[in-house]
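Below, each chain spelled out in residue letters.
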Amino acid sequence: MGKKTIKDVFGFWQIKSAELSGKYEIPVIHGTSKIPDDLVLFSNCGKEKHPENKAVHFYQFDENFINCLESEIKLSKKLKVFKRFQSVILPDYSIYRDMSLSRQIFQVYNSRAAGNFLMQNGIRVIPNIRWGDERTYEFAFSGIDKWGVIAIGVQGAYNDKENTESFENGFYKMLDVLEPETILCYGQISAGLTAECCYRHISVKTYQTEISKVEWSNKLFQNGLNFSASFADAELQKKTEVMPMSVKQKRI
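Remember, predicted model here, so these are calculated numbers, not experimental data.

Peer 1: How should I be thinking about the overall build of the chain in this particular structure?
Peer 2: Looking only at helices and strands, the chain has seven helices and nine strands in total. Put simply, the chain has 252 residues, and 42% of those count as buried. In the chain, once contacts between residues fewer than 6 apart in sequence are set aside, the share between residues at least 24 apart is 67%. Surface summary for the chain: the accessible area is close to 15100 Å², and the carbon and sulfur share equals 55%.

The following block contains the structure:
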């Protein structure tokens, strides 16, 4: 009778050959230095026709990617798609201030564990940094190389005063700890944070969110309608102005 194998239900397959960092043993991530021209949503990456200079991102509801990332079979199948892209930004597992601290640690761990699996399978990755309140500073930046390229999601950061304060305090702490060379921002950071990055000689590249892309597209469409209406009015005016002359010429 053959040896019985134990099913891995704890995700150890994600951290094979991983370096672990800090008190909480967060998997270490060595990111790429390449800057993507644009970002493509994980849910849409399989349909992308020109992925060469783009990065996959996970700035969406967790429910849209958890089932894939936490299944070795599903994530292994996705590797072929990821390899078409320049890089993959690590998953953005949500962290809320009212989560238990243990859960917030686990969310950071999940992101880095998935990132380690991608890294071990030849995918170029970009660390995604996500923090909550001051308690998360102890592990949120753990295992990330200093002076590198990192990514952050700005969505929801400026919804209210409390969120803004928490986000910006964590942002300053991130600069102090990681001293990044470049920050990729999914969404727009404040003028104050931009100025601070400029002062520290840190490059900031901003990408449109999916919502802003839709808003921009709608705006262009509306402007197009307005232009078409204005153009039609102008043409009608020209015809109206020319008509008397045409009639006069016919009479002559």
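Peer 1: Any chance you could explain the confidence of the model for the chain here in plain terms?
Peer 2: In low-pLDDT regions, the fine details of the predicted coordinates are not to be read closely. Looking at the chain, the pLDDT average stands at 89 and 83% of residues meet or exceed 70. Counting contacts from residues 240-252, a segment whose pLDDT is below 50, to residues more than four positions away or on other chains yields zero contacts.

Peer 1: When you look at the pairing of strand β8 (residues 182-186) in this model, what are you seeing that I'm missing?
Peer 2: Within β8, five of the five residues are buried, which leaves it mostly tucked inside the rest of the structure. Examined bridge by bridge, strand β7 (residues 149-153) and β8 share five bridges and lie parallel to one another. Across the sheet, residue Ile-152 finds its bridge partner in β8, namely Cys-185. The parallel pair β7 and β8 is bridged by helix α5 (residues 161-178), and the resulting crossover is right-handed. As paired elements, β8 and strand β9 (residues 203-207) share five bridges and run parallel to each other. In the sheet register, Ile-183 faces β9, and the bridge partner there is Val-204. The handedness of the β8 to β9 crossover, carried by helix α6 (residues 191-199), is right-handed.

Peer 1: Help me understand the sheet that holds β7 in this model?
Peer 2: Two orientations exist for strands paired in a sheet by backbone hydrogen bonds: parallel and antiparallel. Across the sheet, three strands lie side by side as β7-β8-β9; this open sheet has parallel pairing. One side of each edge strand has no neighbouring strand; the edge strands of this open sheet are β7 and β9. Strand-to-strand twist of the sheet, defined as the mean angle between neighbouring strand axes without regard to direction, takes the value 20°. Against the sheet, α5 engages β7 and β8, with an angle of about 170° to β7.

Quick notes on the rules
Each residue is numbered by its place in its chain's sequence as written, counting from 1. Per-residue local features are limited, in this predicted model, to residues with pLDDT of at least 70; the limit for side-chain atom pairs, both in listing and counting, is 80 or more; totals at the level of whole chains, interfaces and linings are taken over all residues. To get the side-chain values, all heavy atoms of the structure are used, and hydrogens and water are removed first. A run of DSSP states H or I qualifies as a helix once it reaches four residues; a run of E qualifies as a strand once it reaches two. Both are numbered from the N-terminal end. Relative accessibility thresholds used throughout: buried, under 20% of the residue-type maximum; exposed, over 50%; partly exposed, between the two (1.4 Å probe, protein chains only). Should any heavy atoms of two residues lie within 4.5 Å, those residues are counted as being in contact. Areas reported here follow the Shrake-Rupley algorithm with a probe of radius 1.4 Å; residue values treat only the protein chains shown as occluding. pLDDT: the predictor's confidence for each residue, scored from 0 to 100. The criterion for strand pairing is that DSSP finds at least two bridges linking the strands in question. A right-handed crossover is one whose linking path, passing over the helix from the first strand to the second, runs clockwise when the strands point away from the viewer. Fitted lines through C-alpha atoms give the axes, limited to the stretch in contact for helices. The angle between two N-to-C directions lies from 0 to 180 degrees.

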